[in-house]
Amino acid sequence: MRLSLADDLRRFDATKTLAIARTIPNTWYSSQDVADLERSAIFGASWQMVGRVEQVAKPGSFLTADIAGEPVLVVRGEDDVLRAFFNVCRHRAAPLLNEPCGTATKLRCRYHGWTYDLAGNLRGTPEFDGVAEFQKEDNGLVPMAVATWGPFVWVHLDSPTQTLEEFLAPLPAWSAGKLDSFRFARRVEYELACNWKVYVDNYLDGGYHVNSVHPALAGVLDYSGYKNTLHANSSVQTSPMKPGDPNDPATRTRTGTEAAYWWVFPNFMLNAYSGVMDTNLVMPLGPNRCKVIFDYFFAEGTPEDFIDQSVSVANQVQIEDVGICEEVQHGLNSRSYTVGRFSVKREAGGYHFHQMLAGRLVKGSS
C-alpha cells in the first residue's frame, strides 16, 4: 500500500543518536511527492549558488540559472546594483533570457516583445492599448534576494531568515584570504541516473568509499587522519595529504598538507587543496535524475597543461562516483531495502544532512 506523504515523512526519526540512527527511507529517493515538496521546502527555502561574480561584474552583464525548476536571472543594473529576478515574463511566462550569461541593455521577452529595464521595471507592452485594470508599474519582474560571497553569486527564492554570511558560517571565516588567488578555469557538467540526495550521501560519507571506489584518490589522502566537523548549515571533511611530487598533476596537487571538502546545505560542495579548488553543485532533474555542475579554479599562473591533467584526474573520480551512485539508485528501488545504518566513525555528516533535510520537509509539509 502506498503511504501518504505525511506518513512517509514520519518514518524518519531525527532525534536518535548516530549509533542507533537509521537513514531516511528509500521512498524519499524516488517519490514524486517528496521531490515536489523539496522544490519549495528545500531549494526554495535555502541560499543557492547560481554563478560567479565575474560573470556579472559590469553594468548590463547577466547570468541565468535553474533551481529545481525555477528559472532565475541575475543582472547588474546600469546603476551598478546587482539584482535577481524570476526569469519569467509577466505576460505569458516565457523566459526573458535563454543564454547562460552575457550582456544586455534591456530585458526583452522573445515571445511577445514585452520589455523590462535592467532594474526589472516593465517598459514596453506592444499592442496592449485598451487593456483595463492593468498598470505597468504593478507588472515588473518578480525579484528575489541576491548576495555574493567570495567569487560566487547566491540567490534565495523566498524571503531569507538569515543573511548569506550567517547561512554559510563558518565557511567565510575559514576561507578568508584563501580564495583570492584562484581564477576560474572551466566548467564540466554530468547528468546522473540517480536522485540528487544519493550524490550528496556519497559526498558526505566521511571518506568511507574512498579506498574501495577511488583507488587513485586513496593514494593521495592520508586516510588515517580523515575527520568530519559539523556546523549549523554545513559540514567539512578534512584529510592530511601524503607527501609527493608537487608538480605531479596526476594527483591534482601535492603542494599542501591538507585537503578540505566543504558541504553547504543542501547541494553545494567546495573542495580545496593548495593551488586547486573546485565546486560541485547538485541540481535535481526529477526523482531519479540529477545534474552535477563542476567549476574548476586554479591559482593564478597555473600552467595550462597542469590544469588539463588535473581536470582529467578529477573527471576520473567523477566517473567512479557516477557509477556507484547510479548503482545505489537502482538498489534503493529493491523490495529488499528500506533503510540503512550509519558508520559512527565515518558518517556523521550524512546523518546531519538527513536530519536537516527531514526537519525542513516536515516543516514545509505542515
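Located above this text is the structure these notes cover.
Heads up: these notes are all about the structure in this document. Since the structure is predicted, the reported quantities are computational estimates derived from the model, not experimental observations.

1. As for the overall build of the chain
And then number 1: Along its length, the chain carries 9 helices and 17 strands.
And then number 2: By the compact-globule yardstick of 21 Å for 366 residues, the chain fits well, its C-alpha radius of gyration being 22 Å.
And then number 3: Taken along its principal axes, the extent of the C-alpha atoms in the chain is 70 × 60 × 30 Å.
And then number 4: Within the chain, buried positions represent 50% of all 366 residues.
And then number 5: Element-wise, carbon and sulfur atoms account for 51% of the exposed surface of the chain, whose accessible area totals about 16,900 Å².

2. A short note on empty space enclosed by the protein
And then number 1: Counted according to the given criterion, the structure contains 1 cavity of 30 Å³ or more.
And then number 2: Its volume calculated, the largest cavity comes out at about 30 Å³.
And then number 3: Lining the largest cavity are W47, Q48, M49, W154, V264, F265, P266, N267, F268 and L281.
And then number 4: Of the residues assigned to the lining of the largest cavity, the class counts are 8 nonpolar, 2 polar and no charged.

3. With respect to the pattern of salt bridges
And then number 1: Overall, the coordinates contain 13 salt bridges when judged by the stated rule.
And then number 2: Residue R10 pairs with D7 through a salt bridge whose shortest N-O separation is 2.2 Å.
And then number 3: Classification of R10 as exposed rests on a relative accessible area of 60%.
And then number 4: The partly exposed category is assigned to D7, whose relative accessible area is 33%.
And then number 5: As a salt-bridge pair, E300 and R183 come within 3.3 Å of each other at their nearest N and O atoms. Placement of E300 in the loop between strand 17 (289-299) and helix 8 (304-332) and of R183 in strand 11 (residues 182-192) is noted, with a sequence separation of 117 residues between them.

Calculation criteria
Residues numbered from 1 in each chain as written. Predicted model: local features only at pLDDT ≥ 70, side-chain atom pairs only at ≥ 80, totals over all residues. Heavy atoms only, no water. Helix = DSSP H or I, 4+ residues; strand = E, 2+ residues; numbered from the N terminus. Rg over C-alpha atoms; globule rule 2.2 N^0.38 Å. Buried < 20%, exposed > 50% of the residue type's maximum accessible area, 1.4 Å probe, protein only. Areas by Shrake-Rupley, 256 points an atom, 1.4 Å probe, with all protein chains shown as cover. 1 Å grid on protein atoms, 1.4 Å probe; cavity = no way out; pocket = protein on both sides within 12 Å on 5 of 7 lines; lining within 4 Å. Points joined across faces, edges and corners; volume = space filled by probe spheres on them. Nonpolar A, V, L, I, M, F, W, Y, C, P; charged D, E, K, R; others polar. Salt bridge = Lys/Arg side-chain N within 4 Å of Asp/Glu carboxyl O.

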